[in-house]
Every structure is written in structure tokens, then in C-alpha cells.
Amino acid sequence: MSRISRRKTSRLAVLLSTSVLVSPAFAQDDEIIVTAQKRAENLQDVPISIQAVGEQKLDDLQVSEFVDYARYLPSVAYQTAGPGFSTIYFRGVASGENSNHSASLPSVGIYLDEQPITTITGALDIHMYDVKQVEAYAGPQGTLYGASSQAGTIKIVANKPSTEGFEGGYGFEVNRFAPDNSKGGTGGVLEGFVNIPLSDNAAVRIVGWARRDGGYIDNELGSITYPSSGITDDNADLADDDYNDVVTYGGRAALKIDLDESWSITPGIMGQVQKSDGFFGFDPAAGDLNVSHFNPESSDDSWIQASLTVEGKLGIFDAIYAGAYLDRNVDTESDYSDYAYFYDAISGYGVFFYDNAFNLINPSQFIQGFDRYTKQSHEFRITSPSENRLRFIGGLFYQRQTHNIEQNYIIRDLNDGIAISTKPDNIWLTKQLRIDRDYAIFGELAFDITDRLTATGGVRVFHYDNTLEGFFGFGAGYSGSTGEAACFSADAIDGAPCTNLDKGTKDTDFIHKLNLAYDLADNALIYATWSRGFRPGGINRRGTLDPYLPDYLDNYEVGWKTTFADGMVRFNGAAYLQQWSDIQFSFLGANGLTEIRNAGDANIWGAELDLALQPTDNFTLSVSGAYNEAHLTKDYCRIANPAFDCTFQPPGTPPPTNATLAPDGTRLPITPKLKANVIARYGFNIGSLDAHLQGALVAQTDAKSDLRIVNREILGDQPGYASVDLSAGVGKDNWSLEIYADNVFDKRGDIFRFTQCNEPICGDEADVTASGGRVYTVPIKPRLIGIKFSNRF
């Protein structure tokens, strides 16, 4: 008998992780079932640091998108420039990289059921409705989940079609942002699902949603005068209140067919359109939640994914194939007037731009982006029976991702002799095709040494083959050495004038996992893990730079999972040391083009705690938190070299000379030392109605904004903050009505600081005119008040 099958089922209610219902009757025999090890297991039996947020809890916390549930995951930090543009980190594994265009692969993988949904730039921002639960696995998950799970994995588990009976549901909501400055737009949600049995062995589930998020950033009326030409630009035609509103709509459908007692197939399709206007940061110099921008700003992010899951038996083994194809199109418009103004203030570049009649023109720039992503993934694996003393899971994985990049840097009415020859008005063009190919064979073997002690070993052998080709740079009439002047082939990607970049990188390697788990008692587990995660290397979009190398994360972890007091208390935790080598660090270099370097090594040590209590039948309390100390262990040098010796200067290397950009001991950016949350919920009766009150506190300490010392001083630290959410509701049988207020005290939690171009140019007031630099802050959402109704039938 296996160690897991021998253990007693925990009596702990799902508590605040999954289903704190409005009824005082609490389901104490429920289990939290997770699939972290690619088999269904009780959360308390899995020797991995996991947080699971279930369907009811997602609803209780007003979760509609990624940033809503990420707040309640203590091990997770993130940066975001707006919906669909978030970068996710686990356990302090963050270098503060820039996510501009096509850079390093993410260090955190996101899955929807069996399919990875992390594209090259980042993950899809799926509307969260009819979702069974969100599972967050901290630490490297690479042996089972691959390259983009270097630091952790988030899995979104959707509700599946069921032949057990017809059911459906719907909900609607009205809300409004209400920050202290009295601005704020109105929004709302309409969503619904239906599950229809088609026969005894087939069922379909259809889900749909439409959501509007009001805006809360004002584009204030303003003007700007370019120093070199004296030309003044204003934004009278663009100034608007609450101009960063978002509209999201989409749906998914899945059909499950049981072919016989052993085999089933589940084809599915899902799509979403998300259109946003405006800018999601603000300029503190312009006032609270204000900016003054001079060009159109918008995003149109649309995607569709088709998937197929086949499950069955091959002898004694469970077998599963999971495949998916994703097509994502992202069209963006971005103001780039800061870049134009500050470069003009420093170098007087505005006098070089004129129209076809040779009159000076407004040098203000804006960017039009057309990014096209595809992703196909295929995995086949087999799993041995879970009750065996020796258990095995193994499989094959293949993935191919493409990113067709087009970024047009536009100056209106630009002289044709200066512009890119194939793109009128373009002072700069990036038109490139990136293809990432990943192949892997993986396996884990678990053996019960005794009834209480289990050893697990895993390995993943991988091969990656990444290429980047195309064009980047200026027109031949503007630069005699870069862009069109540097082309070596007239063959070109559609829209590009020629080719000046064609590079590739490939490698084969392996990563491992070793784990020991021991049952101290029937409801007390301790474990120790040594695991490794990785990210592939890649090509710099600035073709004159060398490819960047893979980076690796070694994780040494001990943890525990306990339930006691007759199942009324759950206390889980972990402590770890992570060693991060050859850190991939991306930043805005010359001309605002992303550069990726390997920035030395770092150590991260920390701990995670998760405590859930149910002292009475109708009151629940949860407390969870994470603490991380993350610092470089080698100097980060301007010029990369194997010895990380910042006095090293390659022979013949032109200025700038080498320098220490971040010394040994520098604290890593983005992740706070401490992030925690507390959630309390009280259920009671009002006559025949079930009622509840809920309060939640999310807090974190300060974080650094950049790895480089000079740049972080320009940007400033991200201060710590605490926000409070409150809600109250009533319900009966299948319906519920709730009012809520998120961020009740309207705190400006700071989650991202940046400039439009290289910080010493666009952000350092000492190097520009008397107007000073311009650093933007992306805050958490301001106070949001809403009311929502839902019903199931």
C-alpha cells in the first residue's frame, strides 16, 4: 500500500482556500484536490508548496482577472502595464526585466487545465468565471512543466462538462471606481454558463462573459515645447477623464465524450477580445492618477485557442494526450513623446526632422505595434497506479512558439528621404520573426521506502532551438551605419525593407528533482526537496549583441503540511534557499531597444506560511505570507564576461568602458521582503436568508524598482502598502446578492515604476531641462464599489 493511500482523508473543510459558503453549515469532509504532480491528489498529501483558491473563494474575493487573484498569492510578485501585459514572479526570482516586445521567456508558466497558455511575451489574461480553482506551485516545476516554470507554475482549472445532469448559472454586476479625487468610471459584468448532457456518455459546457472596467486615469490638458525647434504640441484632441477603460468579452466551450469505460476525448475552444484605451500608470508630477500624453494610446488583444485532451488506459497505466493551438493578435498604440522630448533636450535631435518641403515638423513620436503570436503544444504521458508502492509518471513534450514582431516608431509627415523606405513616416522599424522550439522527455519515479517515507526522483532532458530574423533600425537616409545601411540581404519579412538580423541559438541539457516525504502522523507531513529550473537562452533583437545564455535556478527546500484540532486547523509552510545563476536581465538600451544580458548570480532565501482556522461552524480565518531575502552574489558588469570582473575591458572595445552596474550584495528588485494577507468571514442567518460579512487585508513591504544602482535611484523605491477589502451579502438556495468595496481606504499601492526610454535620459532630472525627468507609477486599482447578483439552476 502506498504512503498516500494509507493516509487518512483530512477532515479539514476547504476553508478559505476553496468554498466558504454563506450557509453556516460547513462541509468538513471536503478535500482540496490538486494536480501539481499531474495526478489528482489531496493538497495535504503533495510534498510541494501549493496554494489553491477555489471557485467560491474566487467569487468571494471579486476576482475577475490575473491581478485580482495574484494579490492573494504571497509568493507571487508581478509588474503590469495594463490588462494582458503582466510579468509574473515567484519567490523573489525577479531581476526587474523589461518586457518590451520579445525578450526572455517568462520564468513562471501558466496553464489552463493541461495546456500551457504562456506566450513568448507573457500569459493570457483570462476572465475568471466558471473556474473550479487556481493552483499556485511555488519553486521550480521544470521536471513536469518545462522551461517557463523555472520559478513556479500557476494552473487555472476550469469546470468540465458533466453527464450527471443539466445545470446553468448567470451573474451580473455593476461597479464604479471611486478614488478620493472623485474621478472614476462605471463598469459592469454579465456572465453565464450552461452544462448540457447530450447522452449518457457525452456532455457539453458553454461559458460566456462580457465585462467593462471603468477608467480612473485622467489625460490632463497640456502642452510641450521642443527646445531645439521651438515647436509646441498640445493634446487638446486627446485630453479626457477616466480614459483607461477596458472592454473584455469572450467564451469557451468544451465537449466531453466517453468512448467506452476506459477512454474519453475532450475537444475545446476558447477565445477572448480585450480592448483597452489610455494608459494605466500616472505621473506624480501631473497629480494623483493624472498624465499628460500627446498621442493615441490603446490595446486590442484578441486570441483563440483550440485544445484536445484524450484520456484512457494502456494496460495498467493511465494515458493522456494534451494538445493545443493558440493564435493571439495584439495591436497597440503608445505615446512616445517623452522619448522625443528628452532626446531633443539633450541632443537637439528635433532639428533633423522635416517634411518633404523641408519644413521643420513636430518631432513627437508614437508607436504602432502589430504583434502576432502562435503557439502549439503537445504532450503525451503515462501514469502508473497511485496505490502502488513504486509509482511512475513519464512522457514526451513538444512546443513551437512564434512571435511576428512589428513596431512602427512614427513621426507624422516625416520626409520620405529620412523614413524607412517601406514605411512612410517611420523613423524606426522593428520587423522580426522569432521562433522558439522546445523538445523534452521527462519522468518522475516515486518509491515508498516504508509506509511513512517516500523518495521521489525526477529528470527532464530538454532541447531548445530558437531563431530570430528580420530587420531593426533607421532608414538609410537617417543613419549610414545602422538599420537599412546594415542590411546584408534584400530578402525580407513582409513590410521590412531588407534583412539585417538572422541568428539562432540551441542547446541540450537536463534538470532534476529529488524529494523525500515523511508522515510524522496521519495528518502531518514533512518533506525536503532539491529541484532545478531553467529558461532557454535566446537572441538579442539588437543583432550586434551576443545571444544571452540560459539561466538556472537551484532550489533547496524543506516544508510541512499539517491538519489538527479535529480538522479545524490547517498549518502549512516551507523554508528554502534558491541559487540563481547566469541571471537573464533585460532593459531598455540605446534607441529604446530591449537588450538582454546575463547579470551574474544571486541567492534567495525565504519562507512561506499558510494558516487556516475554523474556530466555529460559521467563522473562518486565514493568514498567509511569504518572506524573501534576495541578493546578488556576484557583481553585475556593464560588459558581460565569464569572471564577472567589472575591470575587464575586451581589446578594441569602444566606450563606454566596463563598470559595476550592481555590486555583489545588491538586493534584487520587484519582490517585497514580506507579502501577506488575512481573510476573515462570518456567516449568519437573517430570517430564512443566509448572510455573511467578509474582510480581507493585503499588505507588503517596500520593493526596489531596478537591479542597477543608478537606475533604481532615478526610479525610486516602490513603497510598501496595505489595502482592505470589505463585502457583505445574503443568499438562499441557488441565488446570492452581494455588495463590496475593494481598496476601501484608496491606497496607491505601487506595483511598477518605469520611464518611456533609458532611465538616465527620460527619468533623471539632472540630465535634462528644468522640467525634470518623468517617472511613471502603475498603482493597484483604486477604491472600487460594486453590487452583484448570481443565480444557479
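An account of the accompanying structure is given in this report. Quick caveat: nothing in here was measured; it's all calculated off a predicted structure.

1. Some details on the sheet that holds strand S3 (residues 50-54)
Now for step 1: Spatially, S3-S8-S9-S6-S7 is the arrangement adopted by the five strands of the open sheet, whose pairing is mixed. Strands with a single pairing partner mark the edges of an open sheet, and in this sheet they are S3 and strand S7 (115-116).
Now for step 2: Taken together, the two bridges between strand S6 (residues 108-112) and S7 define a ladder with antiparallel strand orientation. Bridge pairing in S7 links Leu112 to Gln115.

2. Describing the state of the cysteines
Now for step 1: Under the definition given, this model contains two disulfides.
Now for step 2: The disulfide partner of Cys487 is Cys498, and the S-S distance across this bridge is 1.9 Å. Note on the Cys487 and Cys498 pair: the S-S dihedral is about 60 degrees, so by sign convention the disulfide is right-handed. Of the two residues, Cys487 is situated in the loop between strand S24 (453-473) and strand S25 (501-521) and Cys498 in the loop between S24 and S25; the sequence distance between them amounts to eleven residues.
Now for step 3: Judged by relative accessible area, Cys487 falls into the partly exposed class, the value being 23%.
Now for step 4: With a sulfur-sulfur separation of 2.1 Å, Cys637 is cross-linked through a disulfide to Cys646.

3. Some points on the packing of aromatic side chains
Now for step 1: Going through the model one piece at a time under the given rule, you end up with 34 aromatic pairs.
Now for step 2: Note on Phe66 and Tyr69: the rings are 5.5 Å apart at their centroids and 85 degrees apart in plane angle, and the pair reads as edge-to-face. With Phe66 and Tyr69 both in helix H4 (residues 66-70), this residue pair falls three residues apart, about one helical turn. Comparing Phe66 with Tyr69 shows no difference in burial state: the two are buried.
Now for step 3: Centroid distance Phe353 to Tyr478: 5.7 Å. Interplanar angle 20 degrees. Geometry classified as stacked. Here Tyr478 lies in the loop between S24 and S25 and Phe353 lies in the loop between helix H6 (337-347) and strand S21 (366-383), a separation of 125 residues in the sequence.

4. Notes on the side chain of Glu297
Now for step 1: Tracing the backbone shows Glu297 in the loop between strand S18 (290-291) and strand S19 (298-314).
Now for step 2: There is no salt bridge for the buried Glu297, and the closest opposite charge comes from Arg412, which lies 11 Å off by N-O distance.
Now for step 3: Side-chain polar atoms of Glu297 contact the side chain of Tyr243, separated by 2.7 Å.
Now for step 4: At 2.6 Å, the side chain of Glu297 and the side chain of His293 are in polar contact.
Now for step 5: Sequence-distant contacts of Glu297, defined by excluding residues within four places in its chain, comprise Tyr243, Asp277, Gly278, Phe279, Glu333, Ser334 and Asp335.

5. Observations concerning the pattern of salt bridges
Now for step 1: One pass over the full model with this rule turns up 46 salt bridges.
Now for step 2: Asp318 is the salt-bridge partner of Lys313, the closest N and O atoms lying 2.9 Å from each other.
Now for step 3: The exposure class assigned to Lys313 is partly exposed, which follows from its relative accessible area of 38%.
Now for step 4: Taking the shortest distance from any N to any O, the salt bridge between Glu595 and Arg597 comes out at 3.0 Å.
Now for step 5: Beyond isolated ion pairs, a larger network of salt bridges with shared partners links Glu55, Asp130, Glu167, Arg205, Arg252 and Arg792.

6. Some points on the pairing of strand S17 (residues 264-277)
Now for step 1: Pairing of strand S16 (residues 246-258) with S17, which is carried by eleven bridges, proceeds in the antiparallel orientation. From the neighbouring strand, Gly251 faces S17, where its bridge partner is Gly271.
Now for step 2: Hairpin remark: S16 followed by S17, antiparallel, with five residues in the connecting loop.
Now for step 3: As paired strands, S17 and S19 are joined by 14 bridges and run antiparallel to one another. When the bridges of S19 are listed, Ser264 appears paired with Glu311.

7. Considering a nonpolar patch on the surface
Now for step 1: There is a patch of nonpolar side chains on the surface, built from Phe166, Tyr170, Phe172, Leu190, Ile196, Leu198 and Phe793 and spanning about 700 Å² of accessible area.
Now for step 2: Of all the secondary-structure elements, those providing two or more residues to the nonpolar patch are strand S10 (167-177) and strand S11 (186-199).
Now for step 3: Top contributing element to the nonpolar patch by residue count: S11, with three residues.
Now for step 4: Secondary-structure assignment places Phe793 in the segment after strand S41 (784-792).
Now for step 5: Here Phe793 falls in the partly exposed class, since its relative accessible area comes to 48%.

8. Some remarks on the pairing of strand S8 (residues 131-138)
Now for step 1: Counting buried residues in S8 gives seven out of eight residues, a clear majority hidden from the surface.
Now for step 2: Note that S8 and strand S9 (residues 152-158) share seven bridges and pair antiparallel. Residue pairing in the sheet places Val134 in a bridge with Ile156 of S9.

Rules and cut-offs
Along each chain, the written sequence defines residue order, and numbers are assigned to residues from 1. pLDDT decides what is reported in this predicted model: residues at 70 or higher carry local features, side-chain atom pairs at 80 or more are listed and counted, and totals for whole chains, interfaces and linings draw on all residues regardless. Side-chain figures throughout are based on the complete set of non-hydrogen atoms in the structure, without hydrogens or water. Strand pairing is assigned whenever DSSP detects at least two bridges linking the two strands. Secondary structure counts use DSSP, requiring at least four H or I residues in a row for a helix and at least two E residues in a row for a strand, with both numbered from the N terminus. The rule for a disulfide is simple: a pair of cysteine sulfur atoms within 2.5 Å. To sort residues, take the accessible area from a 1.4 Å probe on protein chains only and compare it with the maximum for the residue type: under 20% means buried, over 50% means exposed, and anything in between is partly exposed. Two aromatic rings, drawn from Phe, Tyr or Trp (for Trp, its six-membered ring), form a pair once their centres lie within 6.5 Å of each other, and the interplanar angle then sorts them: stacked below 30 degrees, edge-to-face above 60, tilted otherwise. Under this rule, positive means Lys or Arg and negative means Asp or Glu; His and the chain ends count for nothing. Salt bridge, as used here, is a side-chain nitrogen of Lys or Arg placed within 4 Å of a carboxyl oxygen of Asp or Glu. Identification of polar contacts relies on pairs of N or O atoms within 3.5 Å, with a donor-acceptor requirement for protein atoms, meaning one able to donate a hydrogen and the other able to accept it, and with residues adjacent in sequence counted only if both atoms are side-chain atoms. Whether two residues are in contact is decided by their heavy atoms, any of which lying within 4.5 Å being enough. Only residues above 30% relative accessible area that lack a salt bridge enter a patch, with like-charged residues linked at up to 9 Å and the nonpolar side chains Val, Leu, Ile, Met, Phe, Trp and Tyr linked at up to 5 Å. All accessible areas in this document rest on Shrake-Rupley with a 1.4 Å probe, and a residue is counted as covered only by the protein chains that are shown.

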